Amino acid sequence: MKKIIISAVLAIGALSLFGCHTAAFNHEKPLQAMQQSYSGVLPCADCSGLKTSLFLQQDGTYILQEEYQGSKEGDQVFASYGRWARTADKLVLTGNKGDKRYFHPKDENLEMLDMSGEPITSQFNYTLKPVQQHLPQTPMAMNGMMQYSADVASFKDCVTGKVFPMSANQSLEEGYLTARKAPNQLVFLSMDGHFMTEPSMEEGQMQNAVVADKNVKFDATKSCP
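Thresholds applied
- All residue numbers here refer to positions counted from 1 along the written sequence of the relevant chain.
- This being a predicted model, a pLDDT of at least 70 is required before a residue's local features are given, and a value of 80 or more before pairs of side-chain atoms are given or counted; all residues contribute to the totals for chains, interfaces and linings.
- Calculation of side-chain values draws on the structure's entire complement of heavy atoms; hydrogens and water are dropped beforehand.
- For the purposes of this section, nonpolar cores are sets of buried Ala, Val, Leu, Ile, Met, Phe, Trp, Tyr and Cys residues that join through side-chain atoms within 4.5 Å.
- Exposure classes here rest on a 1.4 Å probe applied to the protein chains alone. A residue is buried below 20% of its type maximum, exposed above 50%, and partly exposed in between.
- Going along the chain from the N terminus, every DSSP run of H or I of four or more residues is numbered as a helix, and every run of E of two or more is numbered as a strand.
- Whether two residues touch is decided by their heavy atoms; if any such pair falls within 4.5 Å, the residues are in contact.
- Pairs of N or O atoms within 3.5 Å make up the polar contacts considered here, provided that, within protein, one atom can donate a hydrogen while the other can accept it, and that residues adjacent in sequence are counted only when both atoms are side-chain atoms.
- One requirement defines pairing of two strands: DSSP has to find at least two bridges between them.
- Interaxial angle, 0 to 180 degrees, is taken between N-to-C directions of lines fitted to C-alpha atoms, where a helix line uses only the stretch in contact.

1. So, the nonpolar core
Counting residues in hydrophobic clusters, the biggest one holds 22 residues, and the most contacted among them are Met 142, Met 146, Met 166, Met 191, Phe 195 and Val 210. Elements that contribute at least two residues to this core include exactly strand 4 (76-86), strand 9 (140-149), strand 10 (152-157), strand 11 (163-167), helix 2 (170-179), strand 12 (187-199) and strand 13 (206-219). Ignoring sequence-local partners within four residues, the contact set of Met 146 consists of Ala 153, Ser 154, Met 166, Leu 172, Tyr 176, Gln 185, Leu 186, Val 187, Leu 189 and Phe 218. If you look at the next biggest cluster of nonpolar residues, it comprises 15 residues, including Tyr 62, Leu 91, Phe 103 and Leu 110.

2. Describing the side chain of Ser 39
Residue placement: Ser 39 occurs in strand 1 (residues 36-42). A distance of 3.4 Å separates the side chain of Ser 39 from the backbone oxygen of Thr 52, its partner in a polar contact.

3. Concerning the sheet that holds strand 6 (residues 100-106)
Each strand in a sheet pairs with another by means of backbone hydrogen bonds, the pair being arranged parallel or else antiparallel. As summarised here, the arrangement of the 8 strands in space is 1-2-3-4-5-6-7-8, forming a closed barrel in which the pairing is antiparallel. Strand after strand, the sheet turns through a mean of 30° between neighbouring axes, direction not considered. Judged from the 5 bridges that link them, strand 4 and strand 5 (residues 91-95) form a sheet pairing that is antiparallel. In the strand pairing of strand 5, Arg 83 is matched with Thr 94.

4. Some points on the pairing of strand 13
Relative to strand 13, strand 11 runs parallel, the two being bridged by 2 bridges. Following the sheet pairing, Ser 167 is matched in strand 13 by Val 211. In terms of strand pairing, strand 12 meets strand 13 through 11 bridges, oriented antiparallel. Within strand 13, the position partnered with Pro 199 by the bridge is Met 206. Taking the residues that link successive antiparallel strands as the turn, the strand 12-strand 13 hairpin has 6 residues, and the phi of Gly 204 there is positive, at about 80°.

5. Topic: the environment of Lys 181
Secondary-structure assignment places Lys 181 in the loop between helix 2 and strand 12. Remark: the alpha-carbon pair of Lys 181 and Ala 220, spanning 39 residues in sequence, is separated by 7.3 Å.

So this is what it looks like as structure tokens:
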């Protein structure tokens, strides 16, 4: 009788442990999209510091701005964007050319990893900390399909597949109307542009819009690869 009782207790305990393990496993899911931004000055081989600002967008896209401080050519600022995802222990950024960068979430911060996604052994600081900051206005090379309909311009980005409203102006509208072959046609657009935050149609909500800065070129014979 004692053996039966002990066996039953062990079985219940095993089931409880299995249930806890299963619950924990089920909660280990990819990071839910959130609005967050990080900043820090990272080590730089040919400058005094690489001021880095990372913006994670709610739609799964990111914007990365890097400022090379104290370089021979003077301070230089570059920006790029792409998609972000989360594994069990890494934040993975995939750029517009398929290049990847890795970070390890540590408390509220992000620790930069090497190009293989492994920890960097160094005496230098590779930490980005959460901050409140505005989206950068640094122009980035962008390709997508533009449509202008009912006085509303939209841009389907080739890199992320996302559709964004566009901040239209007269020259942009005229360029589209000249290039299109039919009303409401999607026309391939390459440009240097940036994202800005603006109120959406939903009350109290904000959205990202695309601004064309320079090097605007339309081509109705092309499309996103």
